[in-house]
Amino acid sequence: MMQLFSDRLLLNIDKIDNQHKMIFEVIGKFQDACSEGRSIEIIRELIDALKTHTKDNFKQEEEYMTKYNYPEYDKHKESHNIFMRKINLLDNTITGNHISLAKLVEINEFFSEGFVTHISEVDGKLGEFLKDKL
Ligand SMILES: [Fe+2]
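In what follows, the accompanying structure is described. (Residues numbered from 1 in each chain as written. Predicted model: local features only at pLDDT ≥ 70, side-chain atom pairs only at ≥ 80, totals over all residues.)

Closest axis-to-axis distance for the helix 2 (residues 40-67)/helix 4 (residues 101-130) pair is 12 Å, and the angle between their directions is 15°. Of the possible angle classes, the one that applies to helix 2 and helix 4 is roughly parallel. The chirality of how helix 2 crosses helix 4 is left-handed. Contacts from Ile-47, Leu-50, Glu-61, Tyr-64 and Met-65 of helix 2 reach helix 4 at Ile-107, Phe-111, Asp-123, Leu-126 and Leu-130. Residues belonging to the contact of helix 2 with helix 4 are distributed by class as follows: eight nonpolar, no polar and two charged. (Axes fitted to C-alpha atoms, helices over the stretch in contact; angles between N-to-C directions. Helix = DSSP H or I, 4+ residues; strand = E, 2+ residues; numbered from the N terminus. Parallel < 35°, antiparallel > 145°, perpendicular 65-115°, else oblique. Left-handed = near helix turned anticlockwise from the far one by under 90°. Contact = placed C-beta atoms within 7 Å. Nonpolar A, V, L, I, M, F, W, Y, C, P; charged D, E, K, R; others polar.)

Residues apart from glycine generally show negative phi values, whereas peptide bonds are mostly found in trans. Here the phi dihedral of Asn-12 falls at roughly 65°; this positive angle occurs in a residue that is not glycine. Following the sequence through the fold, Asn-12 ends up in the segment before helix 1 (14-35).

If you look at the biggest cluster of nonpolar residues, it comprises 12 residues: Ile-23, Phe-24, Val-26, Ile-27, Phe-30, Leu-46, Ile-47, Leu-50, Ile-107, Phe-111, Phe-115 and Ile-119. When residues of this core are traced back to their parent elements, those giving at least two are helix 1, helix 2 and helix 4. Here this core takes five residues from helix 1, the largest share from any one element. Dropping the residues within four chain positions of it, Ile-119 is found in contact with Leu-9, His-20 and Gly-124. By size, the runner-up hydrophobic cluster in this structure holds seven residues, among which are Leu-11, Tyr-64, Tyr-70 and Leu-130. (Core = buried A, V, L, I, M, F, W, Y, C linked by C-beta atoms within 7 Å. Buried ≥ 20, exposed ≤ 12 C-beta atoms within 10 Å, placed from the backbone.)

In short, the description is geometric, and any link to function would need to be established separately.
Next comes the structure, spelled out in structure tokens:
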């Protein structure tokens, strides 16, 4: 499995870091399943797992933001909303029994690049803010 998570993505907030690691673990499993030509059921299960872990992670971050009156809450929340909307759109494209390679590549890029960008650009700021509060 390719190493997707790296220390530079750590916020040093255990709960959030562990959720991020879990998300990248599932992304890795998704990539393996794709390259090993696993069934559409397995692929769909992994995408569902990604959705669940993403939702849990966003919820946790939003709880911290609300609890500590994070000044950039609206901006951060909007970034989560956009992400979730895109995930829900992906869902509609994998309802049948077939999924194209192009679609799999798109989903992989969406999650891996999307998360790296979100964590380093948006969560990083939150981590800084929470650092002396948790
Ligand atoms: Fe976030």
